[in-house]
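Below are the chains, spelled out letter by letter.
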Amino acid sequence: MSSRGGAPIQYIVRLGPYIPNLLRATVINIELLIGLIAVGYVFGTLVALLQVYGGRALCTVARIYEWIFRSIPALVLIFLFYFGPPRFGVNVTGFTAAMFALGFRSSAYQSQIFRGAIQSVPTGQMMAARSMGMSRIRAIFTIILPQAFRLSIPGWTNEFSSVIKDTTLAYAAGFNEVLRTARIVYDTDMTLAMAVLVFVALIFMVLTLLGNAAMGFVERRFRIPGLEVPGHEKARQMSLGSSGRGRG
Amino acid sequence: MLLRVEDIHKQYGKDKVLCGVSFTMNKGETKVIIGPSGTGKSTLLRCINRLTPADQGRVWLDDEELTHTRTNINKIRAEIGFVFQSFNLFAHLTALGNVRIGPMKVKRMNKKDATTLAMEELERVGLSDKAGAYPAELSGGQQQRVSIARALAMFPKLILFDEPTSALDPELIGEVLEVMVSLAKEGMTMLVVTHEMGFARAVADEIIFMENGVIVEQGPPKQMFTNAKHQRTGEFLNKISELYGETG
């Protein structure tokens, strides 16, 4: 046993010097997460709106978009976004490539969360808004979307715990996010391979927990009687890490 | 003449719902539309403010033809209140929010004035103490009274009521009818689809009996109840009075 490294405490001590670098790299993952969620949110909302209200042509465009970004593996997308643009004379950083690749991918999933939420707002709400003289667009923005937003929070919690893990795929785009940093550690000292990977795993477990707590806070903050998703709160309490089955 | 409805036709697939309905209303009048279910009463109301476009026929409010394609329908809808059977209060807004959103978003009133106005209208339906409650926290009767206040806050020329008490528990019907009776007495112009014969007897200037998409007979309540020209009218009124009693 000792020849393979001895007590776990020894690993922790030896990993010590690398920990600041790993944590700094984690910040990059968090930045990437925020970036890709934002890209995904903006485009996801747009795609959902087009699918529900866009008429046949726009709806078809939105469906094709959704199909493309739901079917291509994340890693392939990152490579395409990283190596593709330079061929057209556009240089992108690894971070930007990963943010948009994962962001567009997430937008395809977020669009379905949001579409479902929009469609679960009862039709009477639109009818009541139109009957008092609101235009369709105004009714969508003042009546439908605020309700759909609340209904989609549980879905987002799920999407969040899924994409946070996807950020490690960005190591393929060659910048020092946490998994690539971990690799540098075990390239330097092979005996630390398991220890550093376990450490990375722990980081993501903690991030997921914190993220879900934050989403739970958002959900409570915006809670409105009558607009809850039934049974969701209970499901969350029962599963510690995620509100549902992720895809990651 | 405030409202003129002329030869309205509406067909869903092969199902002819309205086959040439015409009538007029003067300012301050209350008219009650009765008839067996599936006769097109609700469809008629929806055709009047174009929530459902009529296939044929024309509608004027004051002297503006609102069935004309170039009419700004949103502007006219703002002048026609609509009270739904299922209330359709905006689920993400409080009672106050529901009542003031029309004045704010459609009439561009500032928030302070809209709030004052909304509180007055809630007071009028006896619910100023529920201003901060969300629809899900209100009883059906209270929700319907809020929805009446929501219509009133737009200072409508006319309010259309689509079976306003049909979704209510019997003990909650009275409070809604009470509000409607007082509105009628204040001179509000109201077109009401209902089975509440007590209400019709008390305040209707005229009862319109519809069956199979046409108006069979219309006249003052007294004449309709005691001296109907058509046998069908008498039969229906008797049956309805038996079933629904004389509440209100």
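The structure presented is a predicted model; accordingly, all values stated were derived computationally and were not measured.

(A) Seen up close, the overall build of chain A. When helices and strands are tallied, chain A shows 10 helices and 0 strands. Listing the helices and strands of chain A from first to last along the sequence gives α-α-α-α-α-α-α-α-α-α. Across the 248 residues in chain A, those meeting the buried criterion constitute 39%. Sequence separation of 24 or more characterises 75% of the internal contacts of chain A that already satisfy a separation of 6 or more.

(B) Representation of the sheet that holds strand S10 (residues 214–219) of chain B in the model. Residues and elements named next belong to chain B. The strand order across the open sheet built from 6 strands is S6-S7-S8-S3-S9-S10, with neighbouring strands paired in mixed fashion. Only two strands of the sheet have a single partner each, and these edge strands are strand S6 (80–83) and S10. The mean inter-strand angle of the sheet, taken between neighbouring strand axes irrespective of direction, is 15°. Taken together, the 4 bridges between S6 and strand S7 (residues 158–162) define a ladder with parallel strand orientation. Residue pairing across strands places Gly81 opposite Ile159, the latter belonging to S7.

(C) Examining the interface of chain B and chain A more closely. Counting residues at the interface gives 22 residues for chain B, matched by 20 residues for chain A. Every element with two or more residues in the side of chain B that touches chain A is listed here: helix H2 (73–77) and helix H3 (95–106) of chain B. For the side of chain B that touches chain A, the element with the most residues is H3 of chain B, which contributes 4 residues. Considered class by class, the residues forming the side of chain B that touches chain A number 12 nonpolar, 6 polar and 4 charged.

(D) Expanded view of the sheet that holds strand S5 (residues 64–65) of chain B. Residues and elements named next belong to chain B. What the 4 strands build is an open sheet, ordered S2-S1-S4-S5; its pairing is antiparallel. If you trace the sheet from one side to the other, it starts and ends with strand S2 (15–25) and S5, each paired once. Pairing geometry for strand S1 (residues 3–12) and strand S4 (residues 56–61), over 5 bridges, is antiparallel. Looking at the pairing, His9 lines up with Gln56 of S4.

(E) Up close: the nonpolar core. Within the largest apolar cluster, 141 residues are counted, with the highest numbers of intra-cluster contacts made by Ile78, Ala98 and Ala101 of chain A together with Ala149 and Leu160 of chain B. The contacts of Leu160 of chain B, once residues within four sequence positions are left out, are Leu45, Ile48, Asn49, Ile80, Gly81, Phe82 and Leu191 of chain B.

(F) Local environment of the packing of helix H3 (residues 55–71) of chain A against helix H5 (residues 94–119) of chain A. Residue and element names in this part refer to chain A. Closest axis-to-axis distance for the H3/H5 pair is 8 Å, and the angle between their directions is 120°. Judged by the angle between their axes, H3 and H5 are oblique. As for the relative orientation of H3 and H5, their crossing is left-handed in sense. Residues Glu66, Phe69 and Arg70 of H3 form the contact with H5, whose participating residues are Phe104, Arg105, Ser107, Ala108, Tyr109 and Ser111. Here the residues of the contact of H3 with H5 sort into 4 nonpolar, 2 polar and 3 charged.

(G) Expanded view of the pairing of S10 of chain B. Here strand S9 (residues 206–211) of chain B pairs with S10 of chain B via 5 bridges, running antiparallel. Within S10 of chain B, the residue paired with Glu211 of chain B across the bridge is Val214 of chain B.

(H) Just H3 of chain A, in detail. Residue and element names in this part refer to chain A. For H3, built from 17 residues, the straight-helix expectation of 24 Å at 1.5 Å per residue is met to within 8% by its first-to-last C-alpha distance of 24 Å. For H3, the complete set of buried residues consists of Ala62, Glu66 and Phe69. One face of H3 carries all of its buried residues, which in axial projection span an arc of 75°. Those residues of H3 that are exposed and angled more than 90 degrees off the buried face are Arg56, Ala57, Ile64, Trp67 and Ser71. On its buried face, H3 is in contact with helix H2 (19–53) and H5.

Cut-offs used in this document
Residues numbered from 1 in each chain as written. Chains lettered and ligands numbered in written order. Predicted model: local features only at pLDDT ≥ 70, side-chain atom pairs only at ≥ 80, totals over all residues. Helix = DSSP H or I, 4+ residues; strand = E, 2+ residues; numbered from the N terminus. Buried ≥ 20, exposed ≤ 12 C-beta atoms within 10 Å, placed from the backbone. Contact = placed C-beta atoms within 7 Å. Pairing = 2+ DSSP bridges. Axes fitted to C-alpha atoms, helices over the stretch in contact; angles between N-to-C directions. Nonpolar A, V, L, I, M, F, W, Y, C, P; charged D, E, K, R; others polar. Core = buried A, V, L, I, M, F, W, Y, C linked by C-beta atoms within 7 Å. Parallel < 35°, antiparallel > 145°, perpendicular 65-115°, else oblique. Left-handed = near helix turned anticlockwise from the far one by under 90°. Expected span 1.5 Å × (residues − 1). Arc of directions from axis to C-beta.

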